[in-house]
Amino acid sequence: MTWNVAKREVQWKVIAGDGSQNGGMNFDGYANGDMTLVVPMGWRVVIEFENASLMPHSAMVVPYDVRARASFDASMLAFPGAETPNPSQGEPKGTRNDIVFTASRVGTYALVCGVPGHALAGMWDKFVVSDQANHPSLDLQRGP
């Protein structure tokens, strides 16, 4: 993750299916909320998404309380533009897409895989928009 305070922009490289953690249902090797990106309110977010898995995967930012669903649709997006193309079908291995949006509302959200069943299997992590943060931060932990 890198950021530019003057531009109020954060770039976050997210690799879906990065290793075998959580049976491959992970972002950057983290799942079930073990990775949290905190972004200052009003910043531009560029998620550089890549699928490293043989399974199709996607990414979308949704309200935290809907993170563990079997399926998602565009009406659930937390911010306009906060999704990869065709999130319910996912993208094949090697696909790269940039997700670009503005973190315009304070709150706790989730980065989920929109392919049916993947978020329910734990393929989600936290995305927090803060009016207290001066710069982005990334908190990583491993669950039990």
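Computed from a predicted structure; not experimentally measured. (Residues numbered from 1 in each chain as written. Predicted model: local features only at pLDDT ≥ 70, side-chain atom pairs only at ≥ 80, totals over all residues. Heavy atoms only, no water.)

Throughout the structure, instances matching the rule amount to five aromatic pairs. Pairing phenylalanine 79 with phenylalanine 101 gives two aromatic rings, centres 5.3 Å apart and planes at 15°, and the pair type is stacked. Note that phenylalanine 79 is positioned in the loop between strand 5 (60–63) and strand 6 (96–102) and phenylalanine 101 in strand 6, a separation of 22 residues in sequence. Residue phenylalanine 79 is classed as buried on the basis of its relative accessible area, which comes to 1%. Clustering of aromatic rings is evident, with ring pairs tying together Phe79, Phe101, Tyr109 and Phe127. Note that arginine 67 overlies the ring of tyrosine 64, its terminal NZ or CZ placed 3.8 Å from the centroid. (Phe/Tyr/Trp six-rings, centres within 6.5 Å; stacked < 30°, edge-to-face > 60°. Helix = DSSP H or I, 4+ residues; strand = E, 2+ residues; numbered from the N terminus. Buried < 20%, exposed > 50% of the residue type's maximum accessible area, 1.4 Å probe, protein only. Lys NZ or Arg CZ within 6 Å of the ring centre and 35° of its normal.)

This next bit is on the pairing of strand 6. Only one face of strand 6 is buried, namely the one carrying Asn97, Ile99 and Phe101, since none of Arg96, Asp98, Val100 and Thr102 on the opposite face is buried. Direction of pairing for strand 4 (residues 44–51) relative to strand 6: antiparallel, over a ladder of seven bridges. Paired with isoleucine 47 across the strands is isoleucine 99, a residue of strand 6. (Pairing = 2+ DSSP bridges.)

A surface patch of nonpolar side chains, about 430 Å² in accessible area, is lined by Met1, Trp3, Val5, Leu138 and Leu140. Topologically, tryptophan 3 is positioned in strand 1 (residues 2–4). (Patch = residues over 30% accessible without salt bridge, like charges linked within 9 Å, V, L, I, M, F, W, Y side chains within 5 Å. Areas by Shrake-Rupley, 256 points an atom, 1.4 Å probe, with all protein chains shown as cover. Salt bridge = Lys/Arg side-chain N within 4 Å of Asp/Glu carboxyl O.)

Under the defined criterion, the tally for this structure stands at three salt bridges. The partner of glutamate 9 in a salt bridge is arginine 44, and the shortest N-O contact between them spans 2.4 Å. Here the residue glutamate 9 occupies a position in strand 2 (residues 9–16), and arginine 44 occupies one in strand 4, the gap between them amounting to 35 residues. Across the pair glutamate 50 and arginine 96 runs a salt bridge, and its minimum N-O distance is 3.5 Å. Taken together, the residues span a long stretch of sequence, with glutamate 50 in strand 4 and arginine 96 in strand 6 at a distance of 46 residues. You can call glutamate 50 buried: its relative accessible area is 14%. Each of Lys13, Glu50 and Arg96 takes part in a single network of salt bridges with overlapping partners.

Let us now look at the sheet that holds strand 2. Strand pairs in the sheet, formed through backbone hydrogen bonds, run parallel or antiparallel to each other. Taken together, four strands build an open sheet; the order of strands is 1-2-4-6 and the sheet is mixed. A single partner strand is all that each edge strand has here, and the edge strands are strand 1 and strand 6. On average, adjacent strands in this sheet sit at an angle of 20° to one another, irrespective of strand direction. (Axes fitted to C-alpha atoms, helices over the stretch in contact; angles between N-to-C directions.)

To continue, consider unusual backbone geometry. For asparagine 22, which is not a glycine, the phi torsion comes out positive at approximately 55°. With respect to the element layout, asparagine 22 can be found in the loop between strand 2 and strand 3 (35–40). Asparagine 22 sits in the partly exposed class, given a relative accessible area of 29%.

Ordered in space as 5-7-8-3-9, the five strands form an open sheet in which the pairing is mixed. Strands with a single pairing partner mark the edges of an open sheet, and in this sheet they are strand 5 and strand 9 (137–140). For this sheet, the mean inter-axis angle between neighbouring strands, taken without regard to orientation, is 25°. Across six bridges, the pairing between strand 7 (residues 107–112) and strand 8 (residues 124–130) is antiparallel. Directly across from glycine 107, in strand 8, lies its bridge partner valine 129.

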